[in-house]
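Take a look at the letters that make up each chain.
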Amino acid sequence: VTKGVLATSILSSFALTFPLHYHRQYFIYTSDQIFQKQQLWRLITSKLVFLDVKDLFICSLLIYYFRIFERRFGSRKYASYLLSTGFLATLLELLCLYVCQLLETDITSLPSGPLCFVFPLFIPYYFDIPRVAMTTILGVPVTGKTFTYILGLQIASTTAESRLAALCSIIAGLLWRINFLKFQSVILIPNCVGQVFEKTIGRLLRSKPPKNIRLPMGATLELQRQEQLDRLEQQMLWQTFQNPNHLANNNVGGGLATFFQQVRHPDLPRVESEIISNP
């Protein structure tokens, strides 16, 4: 799903930038085009193409990084999540446009591109991905998630219309998380449809499984380090107990202490002291 969204966005954006430049007006929409001219088809076409190169580059990075949720949910549930949150975000955009029209607020064309797919993913990213502190800048903690938030703010802070679209998408992600009106089960791709796409388009977009299954597979860097630490600890214990002379000399604690000093984990000094005191 991630590969499909990326390929569609990049290819369509470059096509409208160079050979199909004169058709760009069909991929934007305003309140007048929706409510007065009733061109509802623009709600779909405007979500297919990034007309701004900056938004294309930043959103491509975010879509590629958020592929961790496709690994967690599975492709069918992940696609259902994108469809349901995109549908909710579009409805909220229409509601905001209608209110702005009643208040006679000047709103130009809303930003193009699948922003309704990108910003809802910040909700599970905030709640489900652990926060690992890396350093501090002027007393402000900097984590591994800070750069991702900065990219999202870069897109949302461009114009007032971008902030409106980002806010509607984030609210849509929150509504999906609390299962508002049973959206998690109402908008769900059937299993038969998923199998059809798996046998057709899935053959082109499928990724090969990793050859080395012993590599750390955690979703975050901290989980990968912890998995690697556990694996090295198991190997060290196995090698230690395989050596009878090492056990006879009662030097198990010293061997593990050397191992812990080499790994250098924040919690290892405490574990090391306990093992040395109780070999």
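A few points on the structure. (Residues numbered from 1 in each chain as written. Predicted model: local features only at pLDDT ≥ 70, side-chain atom pairs only at ≥ 80, totals over all residues. Heavy atoms only, no water.)

### Points about the overall build of the protein chain
- Each helix and strand in the protein chain was counted, giving 17 helices and 2 strands.
- Within the protein chain, the fraction of its 279 residues that count as buried is 37%.
- Put simply, 68% of the contacts in the protein chain that link residues at least 6 apart link residues at least 24 apart.
- Summed over all atoms, the accessible surface of the protein chain reaches about 17400 Å², with 63% contributed by carbon and sulfur. (Helix = DSSP H or I, 4+ residues; strand = E, 2+ residues; numbered from the N terminus. Buried < 20%, exposed > 50% of the residue type's maximum accessible area, 1.4 Å probe, protein only. Contact = heavy atoms within 4.5 Å. Areas by Shrake-Rupley, 256 points an atom, 1.4 Å probe, with all protein chains shown as cover.)

### Observations concerning the pattern of salt bridges
- As enumerated under the stated definition, the model contains 3 salt bridges in all.
- With a closest N to O distance of 2.9 Å, Glu93 and Lys47 form a salt bridge. Of this pair, Glu93 sits in helix α6 (residues 75-102) while Lys47 sits in the loop between α3 (42-45) and α4 (53-65), placing them 46 residues apart in sequence. Considered together, Glu93 and Lys47 belong to a single accessibility category, that of buried residues. (Salt bridge = Lys/Arg side-chain N within 4 Å of Asp/Glu carboxyl O.)

### Quick notes on the side chain of Glu161
- Assignment of secondary structure puts Glu161 in helix α10 (residues 160-177).
- Despite its burial, Glu161 pairs with no opposite charge; the closest candidate is Arg163, at 7.1 Å N-O. (Lys, Arg positive; Asp, Glu negative; His and termini not counted.)

### Quick look at the environment of Phe183
- Mapped onto the elements of the fold, Phe183 is located in helix α11 (residues 183-186).
- Residue class for Phe183 comes out buried when judged on its relative accessible area of 11%.
- Phe183 sits 103 residues away from Ser80 along the chain, and the two C-alpha atoms are 9.9 Å apart.
- Ignoring anything within four residues of it in the chain, the contact list for Phe183 reads Phe87, Leu88 and Trp176.

### Notes on helix α9 (residues 146-156)
- For α9, the complete set of buried residues consists of Thr148, Leu151, Gly152, Ile155 and Ala156. Projected down its long axis, α9 carries its buried residues within an arc of 135 degrees, all on one side. Opposite the packed face of α9, turned more than 90 degrees from it, sit the exposed residues Phe147 and Leu153.
- In this structure, the buried side of α9 is in contact with α4, α7 (115-118), α8 (122-128) and α10. (Arc of directions from axis to C-beta.)

### Looking at the packing of aromatic side chains
- Applying the stated criterion across every chain, the model contains 14 aromatic pairs.
- Aromatic pair Tyr126 and Phe127: ring centres 5.0 Å apart, planes at 85 degrees, arrangement edge-to-face.
- The exposed category is assigned to Tyr126, whose relative accessible area is 52%.
- What makes Phe127 partly exposed here is its relative accessible area of 46%.
- Ring pairing ties together the aromatic residues Tyr65, Phe66, Phe69, Phe73, Tyr81, Phe119, Phe122, Tyr125, Tyr149 and Trp176, which thus form one cluster.
- Seen from the ring of Phe73, Lys77 lies directly overhead, with NZ or CZ sitting 5.3 Å from the centre. (Phe/Tyr/Trp six-rings, centres within 6.5 Å; stacked < 30°, edge-to-face > 60°. Lys NZ or Arg CZ within 6 Å of the ring centre and 35° of its normal.)

### Regarding the environment of Tyr78
- Among the secondary structure elements, Tyr78 is positioned in helix α6.
- Counting along the chain gives 11 residues from Tyr78 to Arg67, while the straight-line C-alpha distance between them is 9.3 Å.
- For Tyr78, the residues in contact, after removing those within four places along its chain, are Val1, Thr2, Phe66, Phe69, Glu70, Phe73 and Leu121.

### Description of the layout of surface pockets
- Quantified by volume, the largest pocket comes out at close to 1500 Å³.
- If you trace the largest pocket, you find 40 residues lining it, with Val1, Thr2, Gly4, Glu70 and Ala79 closest to the centre.
- Among the secondary structure elements, those contributing two or more residues to the lining of the largest pocket are α1 (2-17), α3, α5 (67-73), α6, α7, α12 (191-199) and α13 (202-205).
- Tallying contributions element by element places α6 first for the lining of the largest pocket, with 8 residues.
- Looking at the lining of the largest pocket, its residues break down into 21 nonpolar, 10 polar and 9 charged. (1 Å grid on protein atoms, 1.4 Å probe; cavity = no way out; pocket = protein on both sides within 12 Å on 5 of 7 lines; lining within 4 Å. Points joined across faces, edges and corners; volume = space filled by probe spheres on them. Nonpolar A, V, L, I, M, F, W, Y, C, P; charged D, E, K, R; others polar.)

### Section: the packing of α6 against α10
- Here α6 crosses α10 at 130 degrees, and the two axes come no closer than 8 Å. Taken together, the axis directions place α6 and α10 in an arrangement best described as oblique. Here α6 runs over α10; the crossing is right-handed. Contact with α6, carried on its side by Lys77, Tyr81, Ser84, Thr85, Leu88, Ala89, Leu92, Glu93 and Cys96, involves Leu164, Ala165, Cys168, Ser169, Ile171, Ala172, Gly173, Leu175 and Trp176 of α10 and no other residues of that element.
- Grouping the amino acids of the contact of α6 with α10 by side-chain chemistry returns 12 nonpolar, 4 polar and 2 charged. (Axes fitted to C-alpha atoms, helices over the stretch in contact; angles between N-to-C directions. Parallel < 35°, antiparallel > 145°, perpendicular 65-115°, else oblique. Left-handed = near helix turned anticlockwise from the far one by under 90°.)

### Considerations on unusual backbone geometry
- Backbone geometry places Gln38, a non-glycine residue, at a positive phi of 55 degrees.
- Relative to the assigned elements, Gln38 resides in the loop between α2 (31-36) and α3.
- With relative accessibility at 61%, the residue Gln38 sits in the exposed group.
- Despite not being glycine, Leu181 shows a phi value in the positive range, around 55 degrees.
- The residue Leu181 is located in the loop between α10 and α11 in this model.
- A residue is classified by how much of its surface remains accessible, and Leu181, at 61% relative accessible area, is exposed.

So far we have only geometry, and geometry alone does not tell us how the molecule works.
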